[in-house]
Amino acid sequence: MTKLKPSMITYQFAIIQYPSCLLSAVYGFNEMFSLANRLCLESSLPIRIDTDILDLNSLNSGKHYHAVLIPPSMEKSAYESDCPILVNWLNEQHKNGAILTSACAGAFFLAATNAAQHRCLTTHWGLAETFKQRFPEQALDASKILIDQGDIISAGGMMSWMDLGVALIQRFTQASIVRQLGKH
């Protein structure tokens, strides 16, 4: 009797490269998921994470994602104003089953969505006051590094994008891949 080879499961992730976002996080996410893919292949785990890096002009492709990642920014102008194109797209992705995630200042975009209402988010502690002024009704706990609510995940500090990436790899692959990733 021949053993059937399990079919490959592919997850689609979108990394949002909005103006003034931290490019090290954008490319860091992409590299982290590429490394996880290599580890899955070496472990014969039939899972792959495909990533698309999307700018605001490429949001209307009609493609649906399993997870959407909103990286941090060091520029106040990036997160102090509304971005209806991004917020509407995030709402549509969430409605179609995507997990919405943010790191640091990315929480400002997440807070503007319908999905984040009545949810607790985190962001960088230095942005907490600005966040509360902009979103007074939004629950916030800036003391947490990561708040995972299943379909909404927010990460606190500027470098917490790494914690967020690891959390997503854990969710979509398995613990052994995360352990191997840590060793690399």
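Rules and cut-offs
- Residues numbered from 1 in each chain as written.
- Predicted model: local features only at pLDDT ≥ 70, side-chain atom pairs only at ≥ 80, totals over all residues.
- Heavy atoms only, no water.
- Salt bridge = Lys/Arg side-chain N within 4 Å of Asp/Glu carboxyl O.
- Buried < 20%, exposed > 50% of the residue type's maximum accessible area, 1.4 Å probe, protein only.
- Phe/Tyr/Trp six-rings, centres within 6.5 Å; stacked < 30°, edge-to-face > 60°.
- Helix = DSSP H or I, 4+ residues; strand = E, 2+ residues; numbered from the N terminus.
- Contact = heavy atoms within 4.5 Å.
- Polar contact = N/O pair within 3.5 Å; in protein donor to acceptor, adjacent residues only side chain to side chain.
- Pairing = 2+ DSSP bridges.
- Axes fitted to C-alpha atoms, helices over the stretch in contact; angles between N-to-C directions.
- Patch = residues over 30% accessible without salt bridge, like charges linked within 9 Å, V, L, I, M, F, W, Y side chains within 5 Å.
- Areas by Shrake-Rupley, 256 points an atom, 1.4 Å probe, with all protein chains shown as cover.
- Core = buried A, V, L, I, M, F, W, Y, C linked by side-chain atoms within 4.5 Å.

### Observations concerning the pattern of salt bridges
One pass over the structure, following the stated rule, counts 9 salt bridges. In this structure, Arg48 and Asp50 form a salt bridge, with 2.7 Å as the shortest nitrogen-oxygen distance. Judged by relative accessible area, Arg48 falls into the partly exposed class, the value being 38%. For Asp50, a relative accessible area of 23% gives the class partly exposed. Note that Lys144 and Asp141 form a salt bridge whose closest N and O atoms lie 3.5 Å from each other. What makes Lys144 partly exposed here is its relative accessible area of 41%. The partly exposed category is assigned to Asp141, whose relative accessible area is 23%.

### Examining the packing of aromatic side chains
Applying the stated criterion across every chain, the model contains 11 aromatic pairs. Note on Phe29 and Phe33: the rings are 6.2 Å apart at their centroids and 5 degrees apart in plane angle, and the pair reads as stacked. Note that Phe29 and Phe33 are positioned in helix 1 (residues 23–42) at a spacing of 4 residues, about one turn of the helix. Here Phe29 and Phe33 have matching classes, each one buried.

### Considerations on the environment of Lys132
Looking at where Lys132 falls in the secondary structure, it is placed in helix 5 (residues 128–134). Once the C-alpha coordinates of Lys132 and Asp82 are considered, the two residues, 50 residues apart in sequence, prove to be 15 Å apart. Ignoring any residue separated from it by four or fewer positions in sequence, one finds Lys132 in contact with Gln138 and Leu140. Engagement of the side chain of Lys132 in a polar contact is seen with the backbone oxygen of Gln138, the distance being 2.7 Å.

### Describing the sheet that holds strand 4 (residues 99–103)
Sheet architecture is open: 6 strands sit in the order 2-1-3-4-8-7, paired in mixed fashion. The open sheet terminates on both sides in strands that have one partner only, identified here as strand 2 (47–54) and strand 7 (146–148). Neighbour to neighbour, the strand axes of the sheet diverge by 15 degrees on average, direction disregarded. Where strand 1 (residues 9–16) and strand 3 (residues 67–70) come together, 3 bridges link them in parallel fashion. Bridge pairing in strand 3 links Ala14 to Val68.

### Points about a nonpolar patch on the surface
The grouping of Leu23, Tyr27 and Ile53 at the surface amounts to a nonpolar patch, some 250 Å² of accessible area in total. On the secondary structure map, Leu23 appears in helix 1.

### Looking at the nonpolar core
If you look at the biggest cluster of nonpolar residues, it comprises 60 residues, and the most contacted ones within it are Phe13, Val68, Trp89 and Leu168. Ranked by residues supplied to this core, first place goes to helix 1 with 8 residues. Setting aside residues up to four positions removed in sequence, Leu168 forms contacts with Phe13, Phe33, Ala67, Leu69, Thr101 and Ile153.

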